Amino acid sequence: MKEFFRRFRRNRLAVAGLVVIAFYVVLAVLAPVAAPHDPYAMSADAMLAEPGRDHWLGADPFGRDIFSRLMHGARLSLMVGAIAAGIALIAGTLMGMLAGYFGRWVDAVLSRIMDILFSFPDILLALVIMAILGPSTVNVMIAIGIVYTPIFARIARASTLSVKEAAFVDAARSMGARSMHILWRHILPNITAPLIIQTTLSFAFAILAEAALSFLGLGVEPDAPSWGIMLNEGKNWMEHAWWVAVFPGLAITLAVLSFNVLGDGLRDALDPKLRSSGA
Amino acid sequence: MRRFCAAIGVAIALLGCARESPLDDLPDIPDEPVVGGTLTVAVQSDGRTLDPHRATDAGSMRLIENMYGTLMRYTEIYGEVEPYLAESVTLSEDETTYTFRLRDDVTFHGSGRIMTADDVQYSFERITNAQVRAEQFRHIRSMESPDPHTLVVHLERPVAPFLTYLAYPMNAIVDREVVSENDGSLDDIVAGTGPFQLVEWRKDRHLIMERHPGYHLDGLPRLDRVRFRPISDETSRTTALRNGEIDLMLDVPDKDRSILDRTGYVKIESVPGTFWEYVGLNTDAPPFDDQRVRQAVAWAVDRDMINQIVKFGRAQVADGEFFPTNHWAFTGQSVYPNRDLERARTLLKEAGYQEGFDTEMRVGSAFPYQVAAAQIVKQQLIEVGIDVELISEESGVFFDALGQGDFSMTLVGWLGFVDPDEWLYNIFHSTGSWNQQNYARDTVDDLLERGREENDPEQRRAIYAEVQERILTDAPVVLLYVNEHSSARLYRVQGYRVHPTATTLALRETWVAP
Amino acid sequence: MLKYTLNRLLIALPVLVGISIISFFIVRLVPGDTVTAMLGAHYSEEEAQALRETYGLDQSLVTQYALWIGNVVRGDLGQSAFTGQPVLAAILERLPVTVQLVAMSVGFALLMALPLGILAAVRRGGPGDFSVTFLGLLGISVPGFWLGTLLILGFSLYLGWLPSGGFIMWSVDPVENLRHMILPALALGGAVAAVIMRMTRSAMLDVLGEDYVKLARAKGMPPRVWILKHAFRNALIPVVTITGIQAGYLLGGSVVIEQIFSLPGIGMLSLQAINNRDYALLQGTVLFVGVCFVLINLLVDLLYAWLDPRIKYG
């Protein structure tokens, strides 16, 4: 553990990522009390107001304060990211561990299901799921969660396969421990490293995916202060008022970037054998 | 590395191919129209069919209307019609028999055959069979053609908007021989008499049409070719015009007007138009089955603010009538002259909703300006305690829900109406086919029936003024505004006039300065 | 090799069947009725019933699936309920746009990623490496639709160099065709470039540590030789793999980019199918994209086996 922190601290980029994420979390938590304006309050006078004293980052076409909406948007994005990544983590890990541990037909069936889900490009699959479920924040979380489940299943399965043959698992089995006990007590703790890394990266994906779905109009409620919706609205105003699209775009990029560098840093620190490769 | 440099070289070369002639050099406009040339027109969406009798969407209509002709045609005064493929029309004393004298020089595309009364009669029958607009021809009792260029139509009862229906561009006269050769289908072929004929239709890329050499009016059309390009995104459309990739765009986003104006080489023209938007309330279910709740919404909405933010103040705010200022039936009446929150709260209290209530509003994600307006309405209704959840859906689901009456509130619009009867009957008559609000009032039904049979314009105007006041007081819909219809064109494009109904029939007079 | 190929095909088969089942049933779960969407606001019940019969919508789901898959095998994906166009024809008509977009994106990505990735690995730890690493992270973090918007703003609106959207066929005007595709390909290729760059860098780092590269370097060979001939060639395998996989993902990413740039490709077609509740079309595009994805992955697998002698063909 000490070794982990030492290695992680040396990666200045990853530490910076963590700091930025912490900053976002603070913004998100404080949004209801600290946001300078009501994120929904409209005013024809403040329509497209430039960044300045009243509106630090300007106002959108409805005269809503962009900074306040970004703060509330952080809440939304982090929540979508956390729950979507959580759904994928739990469902994927469970399926992957079962497949890896029991092998045979369990593995065959679960792996094929994952292969099939894996065979659709992520955004298209999320779009179709959203079309089935209908637009809402909860459904966005579910759709993104389903889309990223196979990645976790694959990682959990591969890790389980390699841990399963280890001596301590054999020992537990020979002592008559039940399968569930072994999975929970002996295997899970030993496959957490790659799962933690993937969760961090999935957080980044989920924020991007929510923005993309909302951008296409199949995401959260239209007046929600989602970064993706703000970007979609802003895109039409680029020339009149660059701040409407630029700040949400920066907010998304910075958040995703932070989760990515954090994921890279965790990977290097947790498992030196896994060198940072492609996404 | 060398290959990398080569690639950069190619990229620079491609950038260099940008249009040579700067659009800022405005050409001299000749006094006389010039014949020839190609015009590229951006449309919002591609069509689904080229069959005028089956088309229901604006995208298809824009593509079809210049390839076909109709017996009557709209004039510049909104709501008025004049003979087009007919030479003259007379109405009998009892107002049930129309006699059309047809032009004898109208030829069909391809075959060049002269249009006869048989084609007209066949077309009316085909429209009836195609269902989509059968309603408009429902009262025809019989038709006969004493000679090839005369058609007599007997109606069961007087139908005031009948001639207006005949001017509707989709009620087109088709070549009956071509239709029967194609087993009744007109999807990808043309059997029209319009100024332009089809060259090629590639879905989502373009539709190209060229001059109909046998067009019956001398000197028209002026263009050799017209190319329609669907560009669904508004900003992309504006950009394409600014870059000279297109010559004419049919819908100008209000927010881009200033940008286009500033270029100096784009001209924008607007007229009050047919497109009106409203908040629809489902009168079948609580809480909006109570007139007082509906009126509360009508008083609580700040139409000016919505107009300022969403339409940049360019729409005509409306609370007492559905017609734009340039329509013959316009009176200028008002039912909810000012926003009145006190009154709204009192009405809600009387209806037993002093605590307010939660409800939902459905909007179509394909209409961003309606999604935007809905967000503002939501904020305004919070002030009287009505908490609205917005549901933005794809067109398929959205219109399905409206059609089945599966909504509490909606924000949506209608467009394309010409006669007051079209405007009101189908939407507010208890048996109207688009009566999504499930609205039913005997007095309103009676007035609408009378308006449909009355041929005297002054009488009709009075009838419709009264029925509108009744409807809007009852508030099954909360009217917001009537939109302008605009188009923007490059400076060199001449002779195109925007029509309130959004038709592009003026393309036949359009020409391009060299 | 043949045995390995057959084995891979055998594994792909149940996945393909699964894809067909999902494509079929997922679409049935979508709310909204094609028939009502098709007929618009006003229609009679007889008309609706007739349409249901025409499209077999009145039969049981299993029968419908059996009928459908039978037709699919014969190359008949049904007809779009909206336009009446055969689904396969609609897909094939738009395929070239998406293929060109994906190919150009991958092309741009390789052009940017390979030199930078190699540079970063060779100058490991230096400011160049740090910049490239950071650029790579930035690349996978920028939303493609934002990048697309910024590109339009910069190159189309301010500079006026390139068109902002639309598509011109290669056969009509090759120069215009390329000019219309540059910005979309850049917007779509940005993230891929970043991924390939990261992979190139790490693969090169692996190889640069090998003895034969060190030896070549020690012998005083010019950098061009030991970097390109010795190291890069051997780093190529993972790079090729990740490029192939990314090409598959681009099929999905093109949905958003095609929308922004008004490109009539597969992505726009599937979005239209969703918006119109066009069952047959949605089924067809989902199936088509899924199958393409599987085939691309299969090709990548085979290519990998062919490039890497360490894989047993067992």
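Reading the values: rules and limits
- Residues take numbers from 1 onward in each chain, read along the sequence in its written order.
- Chains carry letters and ligands carry numbers; both start at the beginning, A for chains and 1 for ligands, and go up in the order they are written.
- In view of the model being predicted, local features appear only for residues whose pLDDT reaches at least 70, and side-chain atom pairs are presented and counted only at 80 or more, with totals across whole chains, interfaces and linings using the full set of residues.
- Water and hydrogen atoms play no part in the side-chain values, which are based on all heavy atoms of the structure.
- Note on definitions: a residue-residue contact is assigned when non-hydrogen atoms from the two residues lie within 4.5 Å.
- Once two parts are brought into contact, the accessible area they lose, counted with a 1.4 Å probe and summed over both, makes up the buried area.
- Put simply, a salt bridge is a Lys or Arg side-chain nitrogen that is within 4 Å of an Asp or Glu carboxyl oxygen.
- Within 3.5 Å is the distance limit for a polar contact, defined as a pair of N or O atoms, with the added protein rule that one can donate a hydrogen and the other accept it, and that residues adjacent in sequence qualify only through two side-chain atoms.
- Put simply, Ala, Val, Leu, Ile, Met, Phe, Trp, Tyr, Cys and Pro go in the nonpolar bin, Asp, Glu, Lys and Arg in the charged bin, and everything else, Gly too, in the polar bin.
- Under the pairing criterion, centres of Phe, Tyr and Trp rings, with the six-membered ring standing for Trp, must be within 6.5 Å; the plane angle then separates stacked pairs below 30 degrees from edge-to-face pairs above 60, leaving the rest tilted.
- In DSSP terms, a helix is any run of H or I states spanning at least four residues, a strand is any run of E spanning at least two, and both are numbered starting from the N terminus.
- Residue burial is assigned from relative accessible area. The probe radius is 1.4 Å, only protein chains are included, and a residue is buried under 20% of its type maximum, exposed over 50%, and partly exposed in between.
- For a Lys NZ or an Arg CZ to count as sitting over a ring, it must be within 6 Å of the ring centre and within 35 degrees of the ring normal.
- Domain start and stop positions are those given by an automatic or database domain assignment.

1. A few points about the interface of chain A and chain B
Contact with chain A, which involves 21 residues of that partner, is made by 23 residues of chain B. Of the roughly 1900 Å² buried between chain A and chain B on both sides combined, carbon and sulfur atoms contribute 61%. Among the ionic pairs, Lys378 of chain B bridges to Asp223 of chain A, the shortest N-O distance being 2.7 Å. For the pair chain A and chain B, the number of links is three residue pairs in polar contact (both at pLDDT 80 or more). Here the residues of the side of chain A that touches chain B sort into 11 nonpolar, four polar and six charged.

2. Things to note about the packing of aromatic side chains
Per the counting criterion, the structure on display carries 37 aromatic pairs over all chains. Centroid distance Tyr24 of chain A to Trp227 of chain A: 5.6 Å. Interplanar angle 55 degrees. Geometry classified as tilted. With Tyr24 of chain A in helix H2 (residues 12–34) and Trp227 of chain A in helix H10 (residues 227–235), this residue pair connects regions lying 203 residues apart in the sequence. A relative accessible area of 8% places Tyr24 of chain A in the buried class. Note on Trp227 of chain A: relative accessible area 2%, which makes it buried. When the ring of Trp276 of chain B is compared with that of Phe322 of chain B, the centres are 4.8 Å apart and the planes differ by 75 degrees; the resulting orientation is edge-to-face. Here Phe322 of chain B lies in the loop between strand S13 (316–317) and helix H10 (341–350) and Trp276 of chain B lies in strand S12 (residues 266–281), a separation of 46 residues in the sequence. Assigned by exposure class, Trp276 of chain B and Phe322 of chain B land together as buried. Among the aromatic residues, ring-to-ring pairing joins Tyr78, Phe323, Trp414, Phe417, Trp423 and Trp434 of chain B into one connected group. For Arg73 of chain B, the ring lying beneath its charged end belongs to Tyr84 of chain B, and the centroid distance is 4.9 Å. A cation sits over an aromatic face here: Arg452 of chain B above Tyr425 of chain B, 3.6 Å from the ring centre.

3. Details of the domain arrangement of chain B
Residue and element names in this part refer to chain B. Split by domain assignment, chain B resolves into domain 1 (2–47 + 194–265 + 491–512), domain 2 (69–181) and domain 3 (273–484). The C-alpha centroid of domain 2 is placed 32 Å from the C-alpha centroid of domain 1. The partner domain 2 presents 16 residues to the 17 residues of domain 1 that form the contact. Summing both sides of the interface, domain 1 and domain 2 together bury roughly 1300 Å²; the carbon and sulfur share of this comes to 53%. Taking the shortest distance from any N to any O, the salt bridge between Arg497 and Glu76 comes out at 3.6 Å. If you look at where domain 1 meets domain 2, you find six residue pairs in polar contact (both at pLDDT 80 or more). Grouping the amino acids of the side of domain 1 that touches domain 2 by side-chain chemistry returns six nonpolar, eight polar and three charged.

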